[in-house]
Every structure is written in structure tokens, then in C-alpha cells.
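For reference, the chains in residue letters:
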There are 2 protein chains.
Amino acid sequence: MSVLTYKKINKSVVALGMAACVQGCVSFDNNTKSTTPLAVTAAAVAPVSGTVEQSAFKLQMQKLGDTIIARAEAGIPVPVPVDAGGGPVHEQHKENYKTIYEAGMLYDYTGDTKYRDIARDVLLDYADLYPTLGLHPEHKPSTAGRLFWQGLNEAVWLVYSIQGYEVIRDDISPEDREKIERGVLGPMADFLSEGSPQTFDRIHNHGTWAAAAVGMTGYVLDQPERVEKSLYGLNQDGEAGFLKQMDILFSPDGYYAEGPYYQRYAMMPFLLFSQAIQKNEPEREIFNYRDGIILKAISTTLQLSYAGKFFPLNDAIRSKGLNTIELKYGVAIAYDLTKDPAFLDIVKYQGDVVPTPEGKKVLDDIEAGLAKPFNFKSQMFRDGSNGEDGALIVLRSGEKTNDSAVVLKATTQGLGHGHFDKLGFLYNDNGQEVVADYGASRFLNIVSKFGGRYLPENDSWAKQTIAHNTLAVDEVSHYGGDWRLSQKYSPDVLKYGVVNGVQIAAAEVDTAYDGVNLQRVVAMVPRDDGQQPYVIDIMRGISDTDHQYDLPMHYKGDLIKSQFPIEYETSNLAPLGTDFGYQHLWKSGETEQLEGRQEVSLFLGTAFQTVTFASDTPYKAIFTKLGANDPDHNLRSEEAMILRANSDTVNFVTVYERDGSYDADNETAVFNGSSIVSIDFDQVEDVAVYKLVTQNDKTIQFLVADDTSKDAAHQLELDDQIIEWSGPVHVLR
Amino acid sequence: MSVLTYKKINKSVVALGMAACVQGCVSFDNNTKSTTPLAVTAAAVAPVSGTVEQSAFKLQMQKLGDTIIARAEAGIPVPVPVDAGGGPVHEQHKENYKTIYEAGMLYDYTGDTKYRDIARDVLLDYADLYPTLGLHPEHKPSTAGRLFWQGLNEAVWLVYSIQGYEVIRDDISPEDREKIERGVLGPMADFLSEGSPQTFDRIHNHGTWAAAAVGMTGYVLDQPERVEKSLYGLNQDGEAGFLKQMDILFSPDGYYAEGPYYQRYAMMPFLLFSQAIQKNEPEREIFNYRDGIILKAISTTLQLSYAGKFFPLNDAIRSKGLNTIELKYGVAIAYDLTKDPAFLDIVKYQGDVVPTPEGKKVLDDIEAGLAKPFNFKSQMFRDGSNGEDGALIVLRSGEKTNDSAVVLKATTQGLGHGHFDKLGFLYNDNGQEVVADYGASRFLNIVSKFGGRYLPENDSWAKQTIAHNTLAVDEVSHYGGDWRLSQKYSPDVLKYGVVNGVQIAAAEVDTAYDGVNLQRVVAMVPRDDGQQPYVIDIMRGISDTDHQYDLPMHYKGDLIKSQFPIEYETSNLAPLGTDFGYQHLWKSGETEQLEGRQEVSLFLGTAFQTVTFASDTPYKAIFTKLGANDPDHNLRSEEAMILRANSDTVNFVTVYERDGSYDADNETAVFNGSSIVSIDFDQVEDVAVYKLVTQNDKTIQFLVADDTSKDAAHQLELDDQIIEWSGPVHVLR
């Protein structure tokens, strides 16, 4: 964002006096008198038309300048609102707030008044339009907007535009200033606060955008009461507003309850408003608030990704990742605050930067060779405001791009955007997804697909348990598919750490189904043959009564081998079930009853993955293709293998290993099959024992005590040895 | 390849005398005394351990050296053959020929005797093994090998190994030399020639590999009779052998009858043996043979690609493209011969080079900044030895990576690897496939999938007409699916060129079905609104009797909009038909009867494609998913829309246009829908008239005369104007 120079509060900042400056002036650093951390201290830069500096940032700004000039020359329409998300008028207004913002940033950087005039003229058009608008003709009833179909977009409009306006404010005529502030900026801030209390006072990312928009407007228009409402809620009791959102929406580890996709989106107003607060009221020490939660949250957002894309948990658009605009702001601001050179590594992946002083600093420092690798690491992210509501656990191994990452989702529901996948599991390796999450069923911004909104299949398929890699019992989703019920509970983390060199994560939840306790143990076990570690997954359903247990593996790639025969449906496909997502699965094949250790292999372009599995009870494998009961053709065609057992208690053990390599260009194929010789189950006293033997005669044993209390001491005689440990889970090898 | 110094014939080349050279000698350029074009004249380079040169090539060779040393230290097994393609022993022998070759190249480059000794020792092991071998236990009956399951792999082994051996030959003991030549090289050459006459004398890429292997061995072992057999066939009458293969297998435009995938593969022995001939018998002027057919063929191979991948015609593995090893050799050799800097552009895409003097030259010249963009252009590639058997026509527009390419396949069948898609159509745009070819049904080198061989579904699906984007009549494939029958016929090209600024290609074939003439006109029409050109496709089936006409569009991406309702199957899927590939299509939806202009839109990640179509007869659209009657789960799940009409004669007009853009990171979506207002059909006298009107009131008219004779003069009164042209097809706008 622009280096805001909120003159009233931060008295030390001098007015810009840009009106006296002709083209060619250096204006980018005219806030260096500020003592705040956001001030840029880099040397002054030459104007765009000069040749003194040819930095990557300057080239990027020149390109942006060309774009803005071209837009201005083509004419910038400010049309009467007609359509919902993704429609041409909607998109025009989105482009316009970017134009206001970018023209402002260009004016700040170059001092060239043509950019100032572009931003001003567009704002004046809005000052004409906005007072004429009632609610948007296609408004979303719960969160209506005036300029846009939903208030959220309107808040985003204001967050961008107020930054562009701030830069030009002192350099336009008093008449224009009054018209813009009374015509659009003030009224829009009013509408987003008093006019939309249900959103403004909501502890939710829409509320954060509204608070940021109104608060930033308060600073720029010198209206501190707007800032107070933004920080503390409409009635200023602190039960709502930005600070409360910071208290509630992030866990102490910087995890955002809705998951990484929404975390990315929510980060932007948190960051921009925090930056404005820091600039104007440094005495609030906003970046130290809650032990530095904002910076922690940026780092967490980055960590919740693999190969540049976010783990697609809950209602996630799968294409989103580290190079989204929100994280371009986030990383630039984080670098400005911390100077941690690992952030520069992320910027290199992003490819370009935001058009701000922070963006310039980042690019300059990359050019100066300061970047260091960003350390993606194993980490537990506790969920809940107090960190007591479960956790998301990520285990990692290896160096990019030859790394593996496993996710165990033991979090809360994630509110209305949450999915019913308690103890969900994801596995990424070799730069690719292997066991994946469908993400949301939505074509974002594509109007022809239900207005770009969440599709009906998001509820009927994408949220359901069977759409995920976790145990579905009796063909019903966790908590019966009631998110408000689910929101009340979260799994208990049983273990996170390293035991005998094995990275391990474990959790349980006994509220997802009546009378069934779900337990999952996920581990990365190093191999001594130079291969990527084994990923071992133990999934348990524990009950006194019989149930049908389904464990899906939503795999990527081609299933190229199975140890057992599969009877594929050749002439007729029918749905696997009738509800909770089962109605969307074509049953494409199944096996006879299987017992003991089995394996299948997947081909994923440059390597194979072999999956070895077993259960302590007879089971069969069902193969599915997604797409049944999809009258609008909304679903992608994806494949899954579902292990199904009928029993009171079931234990599934699955081992994933990267297997060989495939080089299409050089026509080399190495494919070995499983290196797991046996998987055995045993119950020794009050401990479940899982014993795996590899082909080089290594033994790996997992011990899971019936007593899952946190610090209980356990002792067991195993193979004539006395094993002692504390806590529910232990590993031997 | 190594700079072969075949001493007997090319007397000017001096023996290397490497035996007297200790580590650190400069050996890479010791053939500069040769006057042949293949000699390298670059300055001598320092040994690997030195620091004088740090070129990209040197770094690559250092890395290769590390790999070879590591292999040698781990031990290089030379096992008794047991398995077919893709098996571990098969792959070991493949790795070994690369080791022999690469160790030789490293010895040549560095003079370091440890590489010489590695190559020698592996060859000695083969000299022990080979005499003990009968036919391979899993041998392919028609083309058996001894070391490999098929003779083809054995020929490849020899092509690589003889190059590695040539470099070390003068620097090993006479005893070792005799053992290697009598134990493996000579006997293998015998086996591949006299021992395998059905392959050696075959006009086919297997024959080319065998000829190259035997001929190159002849040069190195100083056995000119092997060279003569390789050039002229076993009985040396010129009816078989390398020269005959050059006569027959390429068209005068350098098109290889089986298509680009096999062209790539076949190019390698053509290139390597030609290089050896040039080196040893420059008086043959092999690179001028048939008007320079070899270089023309390299250029053609490169042109037959889009976004780095080959057009997947006929039995093609879709992942293959410009960075395959064969083209790394091809481009390095072509650059060495021509110094055309556009080849360097291709090498930059390939990323690395072959470990030869030509590879070094290429990398050095790239580092010197000599690369120029390779010009992918519209081109007609005539098929058939005389260029009289149809053609493959590629129309292109725009600059990489914002370009479009359309393919009209009016070639011969392409022998046993050909597909039944006369007048087949492909459309690529914006770096992606839009309308695509399934390619081959095969998991190359993946043993668990039918030994890595062509799958049964290659015949039952991938080759069939309905698997392609061309007209299928009465649910039967072209020529009843009989490739030997099809091989007798080829389409007639009606037009290739530019008319009134429109790129146009047209062809017809009346032998694919009894009593039905198929005609297709494909055009790229420039737009004046800065958008990519319209791709317009007119597909005609002309008959006196009623038929069912099916025109499939095998599209990529998501179908996100249709102008008409589609009734999707929700609870039951059944196959669309019973034979000729129809049995593999699940019918997933269909429409009521449609008339007039219709449109659908596709979403392809960063842009949309809108497809506008119409027919002069009522039709319906059928939607399919691939995968029925696939008991071994061999088929990919892909979607198609099939336009179906029942009539005596049918005309389908389809217009493809790139539509808007989609930026997931910045959440911008532009999607406009079709800009084609109307598509009208008329028959004016003896000319079919197709009239398209765009939303900015431009008219495009295609005229196709009933008389398709090549030079017939036509005159027509149209809109009160007299239009005159010659030949069957004309365009007005």
C-alpha cells in the first residue's frame, strides 16, 4: 500500500506539497521524515522518464504506467450497477478501484500529475454515481452492497480507492476533495459501517474488510470516530471490530479458522489496516498485538502450501497459491517489517511485486542478492482463539522440489465454509498432489456457472465426508453434515513430534458419530536407502456396535497396477449411494473380499507411487468416478478407491512410498512395487500394536494405547523387551 | 554423437594416439584435422578438474561425469535377459548402453582414462554375456531380439555402444579389442542384419535403426561390407537399406508417413548414420541426398509441434515433444551443419544438450548470444514418397506463447500405426490444446500395463474414427477400420494458401465410406479487434442416400456454458454404441433437436474458448465421457460433444474463438460469449455458400464448388456482384 501520511495523528509527518512539484520530481521517498517502520529509507529514485535507474521495479512501474495511460485514453467507464459477481459491469468496477489505486501509486512514485488526474477523475465520476444508488439490483440479501452485489466487494473497492486517494488528496482542489469525500468515500464508509451492521460487527473476513475500509478512510479523511468504530465495533465496546477479529479469527499460531484459502483472503485487510494503524498511531504497537499475530499469520499462510499452491482445505479454489495478490502485499509488508530474507524467496516465486515502496524495497533487495531460501517445515498449527480447538498438522521431508508434505486436519469445522473431514489426510510428493482434496465446487467469477457462486454440489458433494480422505461411517457425513453442530467440537491432538527419528502426528474425535471414536496416526518414517520417507497412515474406527466403515483415497494420476483383481463395470454405471455425497459417485468397479496386505500403484508423470495397505478385518475396495446426479455438469471427473469394511472396530494401515521414476523424454522407467513386506495387527494388553516389516528387514512398530489421556505412562512387554513411554502413541524401529 | 574417425576411408584423419596422453590432456578437438563439416573447430578446452573454462557445457559434462563415476562405483550389472520392455533387466541394459556411450563421450572430452576404462569394462562384460544368449525369453515373435525382447532395442543398444566404443577403440589393448568385437559388436551386427532379414530389409523405422547400427559398426570395425548392406539392403540391390528408406519413408517435404511421434523416433538413426557417412565417405554427400531430405525432416519434425509437444497424431504418446533425446541430437547436428541460429532457440527450450562436440558448440553459441527465435509457421507437408498422397496442413497465427495452431490431417493412413481420422482436425490456442487427439492408448515402458505395449483399447478406441475430430458415418470407422485398405487411398488437397487475407486449407476424400464424399475447409480469419483470429471449420458429408453423421469435438477444459439445455444422465450411464469405439463412450447427456446457430463455451485456465456452430439440417448434440467397456481401466476419462445429424448431405460449420481471459491470482474474469451473429447456408448454382456475420457487422463467406477439379474456373453472382475464382474453394470478406 501507499505510505499513508495521516497528518492529524502522526504530527511528525509533513504535508507533501506536491502541488509545487513539476514532472520529474522525486516523490517516492517524501515520507522518510516519518519515524515509523513503514517509512522507506532507500535512496531517492529518478523519474520514470530518466535513465538513472533501471531496476526491475522501475521497469514494472513503467509497464503499469503504460497500462493506466492506455486505460485512461480508452476512457474509464463508471457504469450503473447491473450484474452480480463476474459480470462485465462488476468487473469494470473492480478494474476501476485498481486504476484509482495504481494511478495513485504511480503518482507517488513518479510525481507525474497525469496519474494524479486519472485517479481524481475516476473518483469524481464515482462521486456523481454513488449518491444515486440504492441497493444493488442483484444484491445478496444477507450482505447487500450498493455499487456491487455484495458489501464485501464494496469494502474492497474502498480499501483500494482510499489508498489511491490518500496520495493525491493534498494535491487536488478543495472543491474536488469535498466532492469526492462527500459524494462517495464518506457515504460508502457510512454504508459499510452503520449501514451494514450485520457485516461490520461480524467476526468474519467480510467484517475485517469492512473494518479496514472504514478505518483507513477514517485516517485519510481525518475522521477518528471511524477509526474507533473499526477498531472496537459500532458501539465501541470491543465486542466487535478489528481488534476482536484479531483476537478471535486467528489461533495463537496464526491459523485462520476457515483454512488457508480464506486465510489468504482475510490477510489482506488485516495487513493493510495494520500498516495504516502503525503509520498513524504507532503507539498502538499493532504489529506486536497478541504476540505479533499478524506476522505470524503471514508466515502460517505461506507454510500452508505445497509447490506454490495452498492445501485446498474446506471451501478452497484449488488454483490459489502463493502468487495471489493478497500474498504479494503480505510478503512485501512482512519483509519491510522484518527484513527476513526468506520472504524474498517467496517473492521470486511470485514473479512481480505490489506497486508500493515495500514492493520496490523487495525487488531492490532481490537484485542485490539478499534472498535466502524459505524454510518450509513440519509444523503444528493449533486452531481456536486459545489454541485449544484441535490443530492442523503438516509433516514435511526433503528439499523443494523433491519434497513430501502430509497434512492431518484435526481442526474445528471452519464455520460455514468448513468441510466435514475430521482427521482428513492429504499427501503431496515430488511436486505433485498424490492424495488430494476436491476443494470447493465453484467456478469463481464465472457468471455462467451459477453466477460464480458456490454451486449446489459444493454442499451435496464437496463438503461431505466421502469427498475427503477420512473415515465415513454408515454412509453419513461427520456430525450428520450439520456444520453448526460440528463447530461445537474439535478433535484432540494425541501426538505431534519426533519419536525415534519418526515424525508423527495423531488425533482422535469421538463426536463425529454417535458411539464411534475415530483415531488417526500419520507418520513420516525415514528410509536408509536414500528414498523419500515412508508415509504411514493408521486410521481407526472404534465402536461397540457394527458399522460400515469407508476409507476413501482420492488419488491423482493413473492407477496402473493392483495386486488384486478389480471387476470394472463395463456396460452400466450407477451411483454408489443416495445421500451425503455418495449419490455423486459412479461405482466403476469393486473387488472380492480382500484380506491382509495389498498394494496398488499410481503413475504420476515423473514417478510412481505405491500404496500398500491392510486391515485387521476383511474388506473390499470400491472404485469410483465422480459425476453422478450432476444435472448441470458441475463436477470434475475424478477417481477414488474406497476401502470398505463392516465391523465394530476397524483398523486400516496404509503406507505410501514414492516408487522409482519415469522420464518420458529419455524413455527410462523404474518401477519397483511395494517395499513393505508385511503389515500386522495385534492387541497387547491395552495397547494396539501395528507392525510393519520392510523388504530390507527393518521393522516399524506403532503403539496406540487404549487410554488416550495425554500424559499417561505406559509399559508393555514386546518381543521380550519392556517398552516404556508416556502419552497415547509411541513408535519403535 | 562422437566425432567418429573412421580411419580406413577418411584417410586424412590421424589416429588419436591417446594412449600416450595422461590425465589432463586436451582431447576434445583432436579431430580438427578432419576437413569434414562435423569437425569441431572451437578452441581447446581445459580438463574437467581445471578452472580455465566454466561454460554451461563443461558444467553439464562434469555432472554427467559424476553420474557415470557413481554408477561405476556402485557396480554396473550386465544381467541375463529375462523381461520385456520396462522391466528392471530391460531398463538395466538400456542404462548400460547409455553408460558405454556417455563414458566414451567423457573420455573424448576430458581424456581421462577412467572413463575409457568404464566403457571398456562394460563392453567386456557384454562380450562374455552375448555369446551365451539365444533368443530373448520374452521375444516378440515378429521382431525378436537376443539381449532385448525386440530387435529394435538391440539396434538402439548397438547405435549407442558403437559410438562409445569408437572413441576408446585405439586406446585399449588388442586383446580387449578383439574380445569386444568378436564377442558382442560383430555378432550383434550379424544378428541385426543376416539374423533378422525381416527387420533389416524392411522400409520402416525398425529397419532404419538396424541399418544405422550395422552400418556404423561397419565403419568403426573397418568392415565396409556391413556399410554396403546397410545402405543397399542385404542383397545390395538397393530395394532395401538406408537409402531406400530415405527415398520412401519421407515425403519431399520431410514428412514421415507414420506422423510426428514416430518421425521423432526415426530421425535419430537417420541422423546418426548420416553423420557417420558424411564423416567417413563425404563423397556420398548424404546430406544433399534427395535435395537435403534429412535436414528438411528435422525442420519438419520441429514444425509439427505446439507449445513444445508434438501434434499427437496416430499412435502418439502425448507427452513427447521437442525435448526428447532424439531431437536433442537432431537439433545439435542440424545446427552443426547449417549454423542456423533458430535451432539454438529450440535448444534453449530443450534445456540441455547431447554430450558431444556438436552439443558443446550449441551451448557455447547460445552463451555467445547467437540464438534467434525459431519461426513456427503455417505450412503444408505433402505426404507420400512423391508428395502426391495428401498432406498434413498446419495453419498458425500469433507469436509464442500467445499463438494458435490448427491441423488438418489429409494424409495417408500412416501404416500400422495410423489412425482412421481422414480430414482430422486439431485446434491449439493460448499455449493449450482446445480440440485434441487422444493419441495412443499405451503406457510406454510401464510393464504392469500390458508390458508397456499398445493396449487393446488402442485398436478398439484410439485408432477409431469417433476418437477423433472428424466425421464418422453410420457408426463405422473410415475404411471399415481396415488400415491396409485405407493405406491405398489418400485425400485430395483442394486448397492451401491465403485468400483475401484468410489462411485456408481444404481437402476431400470419397473413399472412406461407400457413396459418401467427405470435405473439410479449415480457415484462420484475422479479426480487426485485436483478438486472435477466428478458426472456422466447415465439415461436409455429401451423399445421395441417408446416413447418420457424427462430428465429435474432443475438447479440453470445462464446458461452462451452452446456449441450449442439455439433459445430463444423472442415475445411469450406458455406452453410446457397440463397435468402432462407440462402445467405449458413456453417453452422459444429450439435447433435443437443435437448429441454426448455437454456442458453447469452454474454460481453459487462463482464457475461455467459445465455439459457435450450425448445420443446414436439424441435429442434436450428444455428450460423452470415455471409459465404457474398459475392463482393465486403460482409458483416460475424457469428454466430447458429438453433433449428430441424419440426412443425405450434411454441412457443419464451427467457429472457434478465444474469448476473454481469466486470471486466478488477481481474480479477474472477462467472458463475452460468441461474436458470431449468424451462420447461413445456401446453394447458389453449383456452389455451396457459407455466410458468417460477426457482431461488428463483418461478413465472411466461403464458397465451395461442386466441381472440385483443381483449376476449374468459377463465376457466381452473389449480392449483385460477379465473383470469379479458380479452384474449388474461395473466401470473401
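Only a predicted model underlies this, so the values are computations on that prediction, with no experimental measurement involved.

Overview of the overall build of chain A
For chain A, the helix and strand inventory stands at 16 helices and 29 strands. For chain A, the C-alpha radius of gyration of 28 Å lies close to 27 Å, the compact-globule estimate for 733 residues. Principal-axis analysis of the C-alpha atoms places the extent of chain A at approximately 85 × 55 × 50 Å. When the 733 residues of chain A are sorted by exposure, 65% land in the buried category. Sequence separation of 24 or more characterises 66% of the internal contacts of chain A that already satisfy a separation of 6 or more. Surface exposure of chain A reaches about 24,800 Å², of which carbon and sulfur atoms provide 47%. In chain A, 65 positive and 103 negative side-chain charges are present, and the distance between their average locations comes to 7 Å.

Focus: the pairing of strand β12 (residues 534–543) of chain B
Residues and elements named next belong to chain B. Burial analysis of β12 places nine of its ten residues in the buried class, the great majority of the element. Pairing of β12 with strand β21 (residues 650–659), which is carried by seven bridges, proceeds in the antiparallel orientation. Across the sheet, the residue bridging to Gly541 is Val650, located in β21.

Describing the UniProt feature "domain: Alginate lyase" (unreviewed entry) in chain A
Mapped onto this structure's residue numbering, the UniProt feature "domain: Alginate lyase" (unreviewed entry) falls at residues 98–296 of chain A. Taken end to end, residues 98–296 of chain A is 67% helix and 0% strand, and its first and last C-alpha atoms sit 28 Å apart.

A short note on the sheet that holds strand β26 (residues 699–705) of chain A
All names here are of chain A. Ordered by their spatial adjacency, four strands build an open sheet running β24-β25-β26-β29, and the pairing between neighbours is antiparallel. What marks the edges here is a single partner per strand, and that holds for β24 (676–684) and β29 (729–732). Recorded for the sheet is a direction-independent mean angle of 15° between the axes of neighbouring strands.

Points about the packing of helix α12 (residues 325–338) of chain B against helix α13 (residues 342–350) of chain B
Residues and elements named next belong to chain B. Where α12 contacts α13, the two axes come as close as 9 Å, and the packing angle between them is 155°. Here α13 runs roughly antiparallel to α12, going by the angle between their axes. Of the two possible hands of crossing, α12 and α13 adopt the one that is left-handed. Between α12 and α13, the contacting residues are Leu327, Lys328, Val331, Ala334, Tyr335 and Thr338 on the first element and Phe343, Leu344, Ile346, Val347 and Gln350 on the second. For the contact of α12 with α13, the residue count by class is eight nonpolar, two polar and one charged.

Quick word on the relation of the copies chain B and chain A
When chain B is fitted to chain A, the best match, at an RMSD of 0.1 Å, comes from turning it 180° and sliding it 0.0 Å along the axis. Between the two chains, the operation in question is that of a two-fold axis. Relative to the rotation axis, the closest C-alpha in chain B is found at Leu573 of chain B, a distance of 2.4 Å. The overlap is high: 100% of the interface residues of chain B also sit at the interface in chain A, so the same surface is used on both sides.

So, the sheet that holds β12 of chain B
All names here are of chain B. One open sheet accounts for eight strands, arranged β9-β10-β11-β12-β21-β18-β17-β14; its pairing is antiparallel. The strands lining the two open edges of the sheet, one partner per strand, are β9 (492–499) and β14 (558–562). For this sheet, the mean inter-axis angle between neighbouring strands, taken without regard to orientation, is 15°.

Let's talk about the UniProt feature "domain: Heparinase II/III-like C-terminal" (unreviewed entry) in chain A
Under the feature "domain: Heparinase II/III-like C-terminal" (unreviewed entry), the UniProt entry names residues 383–642 of chain A. Taken end to end, residues 383–642 of chain A has its terminal C-alpha atoms 29 Å apart, with 4% of it in helix and 43% in strand.

A closer look at the pattern of salt bridges
Scanning the entire structure with this criterion turns up 80 salt bridges over all chains. Between Asp176 of chain B and Arg120 of chain B there is a salt bridge, with its nearest N and O atoms 4.0 Å apart. Here Asp176 of chain B, found in helix α5 (residues 174–192), pairs with Arg120 of chain B, found in helix α3 (residues 113–129); they are 56 residues apart in sequence, far enough to count as distant. Both residues of the pair, Asp176 of chain B and Arg120 of chain B, belong to the buried class. Several salt bridges share partner residues, and in doing so they unite Arg116, Asp117, Arg120, Asp121 and Asp176 of chain A into one network.

Parameters at a glance
- Residues numbered from 1 in each chain as written.
- Chains lettered and ligands numbered in written order.
- Predicted model: local features only at pLDDT ≥ 70, side-chain atom pairs only at ≥ 80, totals over all residues.
- Heavy atoms only, no water.
- Helix = DSSP H or I, 4+ residues; strand = E, 2+ residues; numbered from the N terminus.
- Rg over C-alpha atoms; globule rule 2.2 N^0.38 Å.
- Buried < 20%, exposed > 50% of the residue type's maximum accessible area, 1.4 Å probe, protein only.
- Contact = heavy atoms within 4.5 Å.
- Areas by Shrake-Rupley, 256 points an atom, 1.4 Å probe, with all protein chains shown as cover.
- Lys, Arg positive; Asp, Glu negative; His and termini not counted.
- Charge placed at Lys NZ, Arg CZ, Asp CG, Glu CD.
- Pairing = 2+ DSSP bridges.
- UniProt positions renumbered as here; feature names shortened; annotations may be inferred.
- Axes fitted to C-alpha atoms, helices over the stretch in contact; angles between N-to-C directions.
- Parallel < 35°, antiparallel > 145°, perpendicular 65-115°, else oblique.
- Left-handed = near helix turned anticlockwise from the far one by under 90°.
- Nonpolar A, V, L, I, M, F, W, Y, C, P; charged D, E, K, R; others polar.
- Least-squares fit on C-alpha atoms with pLDDT ≥ 70 in both.
- Salt bridge = Lys/Arg side-chain N within 4 Å of Asp/Glu carboxyl O.

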